[in-house]
Amino acid sequence: MMLQLSIQRAKLKFLMSRISALGNSHFSIAAHSSSSNRNAPRVPNLIGGRLIDSKASNFIDVINPATQVVVSQILLTTTEEFKAAVSAAKKAFPACRNTPVTTRKCVMLKLQELIRRDMDKIALNVTIEQGKERH
């Protein structure tokens, strides 16, 4: 019983660290194809619980439609990166499948906390991506 509790705590700690890493990132998602503005922030891949910069040379610009300013770039994933992501997902699935509901609940509550903490940043990103005016 104590061993099982220790394993569950270790899993929870691991999942919480992964969610916290995501909470420190700046993501944008509305995309427009282009090849301009290499100074815009680039969105990394999430592979095996780690944020990894893509080795791809092709990318998609995320553009503010009101100003046509590139707000971020999403590098198109290479075949190797895609295979690594699939492999990592396959390796993670057995542990994820066996994660108790109580642990999953804690992870979702932590995610909710991070969303609430960064609600202003998220709203600003969505506003910029949609071309709305900031007030």
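Residues numbered from 1 in each chain as written. Predicted model: local features only at pLDDT ≥ 70, side-chain atom pairs only at ≥ 80, totals over all residues. Heavy atoms only, no water.

**A look at the overall build of the protein chain**
The line we're drawing: Per the convention used, a helix needs a DSSP run of H or I reaching at least four residues, while a strand needs a run of E reaching at least two, with both numbered from the N terminus. Each residue is assigned to one of three classes by its accessible area relative to the maximum for its type, calculated with a 1.4 Å probe on protein chains only: buried under 20%, partly exposed between the two thresholds, exposed over 50%. When checking whether two residues touch, look at their non-hydrogen atoms; a contact exists if any pair is within 4.5 Å.
The secondary structure content of the protein chain amounts to four helices and six strands. Burial statistics for the protein chain: of 135 residues in total, 23% are counted as buried. If you take every contact in the protein chain between residues at least 6 apart in sequence, the share linking residues at least 24 apart comes to 67%.

**A short note on the confidence of the model for the protein chain**
Stated formally: Confidence of the predictor in every single residue is expressed as pLDDT, which spans 0 to 100.
When pLDDT is averaged along the protein chain, the result is 79, and 70% of the positions lie at 70 or above. Ranking the helices and strands of the protein chain by mean pLDDT puts helix H3 (residues 101–117) first, with 95, and strand S1 (residues 32–33) last, with 40. Every residue in residues 24–35 scores below 50 in pLDDT, and together they form 33 contacts with partners more than four places removed in sequence or on other chains.

**Remarks on helix H2 (residues 79–97)**
Basically, it comes down to this: How far a helix is expected to stretch is found by multiplying one less than its residue total by 1.5 Å. Given a residue, its bend is the angle between the two axes fitted to the seven residues that end at it and to the seven that start from it.
In a regular helix each residue adds 1.5 Å, so 19 residues correspond to 27 Å; H2 covers 27 Å between its end C-alpha atoms and thus fits that length. For H2, the principal kink sits at Lys91 and spans about 30 degrees; a proline, Pro94, occurs within the next four residues.

**A few points about H3**
Note the following rule: As used here, the arc belongs to the directions running from the helix axis to the C-beta atoms.
Here H3 is 17 residues long and its end C-alpha atoms lie 24 Å apart, about the 24 Å a rise of 1.5 Å per residue gives. Among all positions of H3, only Thr103, Val107, Lys110 and Leu114 are buried. Each buried residue of H3 lies within a common arc of 60 degrees when the element is viewed along its axis, so the set occupies one face. Among the exposed residues of H3, those oriented more than 90 degrees off its buried face are Val101, Thr102, Lys105, Met108 and Arg116.

**What to know about the packing of aromatic side chains**
Operational definition: Each pair of aromatic rings taken from Phe, Tyr and Trp, with Trp reduced to its six-membered ring, is defined by centres within 6.5 Å and is described as stacked if the planes are under 30 degrees apart, edge-to-face if over 60, and tilted in the remaining cases. Either the NZ atom of lysine or the CZ atom of arginine qualifies as a charge over a ring when it sits within 6 Å of the ring centre and within 35 degrees of the ring normal.
What the rule picks out here adds up to zero aromatic pairs. Positioned above the aromatic ring of Phe59, the side-chain terminus of Arg42 is 5.0 Å from the ring centre.

**A closer look at the pairing of strand S6 (residues 70–75)**
Note the cut-off: When DSSP locates at least two bridges between a pair of strands, those strands are taken to pair.
Here strand S2 (residues 42–43) pairs with S6 via two bridges, running parallel. Within S6, the residue paired with Arg42 across the bridge is Gln73. Joining the antiparallel neighbours strand S5 (residues 59–63) and S6 is a turn of six residues, in which Gln68 adopts a positive phi near 65 degrees.

**Here's the deal with unusual backbone geometry**
Although it is not a glycine, Gln68 adopts a positive phi angle of roughly 65 degrees. With respect to the secondary-structure elements, Gln68 resides in the loop between S5 and S6. Judged by its relative accessible area of 52%, Gln68 is exposed.

**Description of a nonpolar patch on the surface**
Definition in use: Grouping into patches uses exposed residues only, defined as over 30% relative accessible area, and leaves out salt-bridged ones; the cut-off is 9 Å for like charges and 5 Å for nonpolar side chains (Val, Leu, Ile, Met, Phe, Trp, Tyr). Note that accessible areas follow from Shrake-Rupley with a 1.4 Å probe, and for residues the cover is restricted to the protein chains shown. Only one rule defines a salt bridge in this text: a Lys or Arg side-chain nitrogen within 4 Å of an Asp or Glu carboxyl oxygen.
Taken together, the side chains of Met108, Leu111, Ile115, Ile122 and Val126 define a hydrophobic patch exposed on the protein surface, amounting to about 420 Å² of accessible area. Elements with a contribution of two residues or more to the nonpolar patch: H3 and helix H4 (119–130). It is H3 that contributes the most residues to the nonpolar patch, three residues altogether. Its place among the elements puts Ile115 in helix H3.

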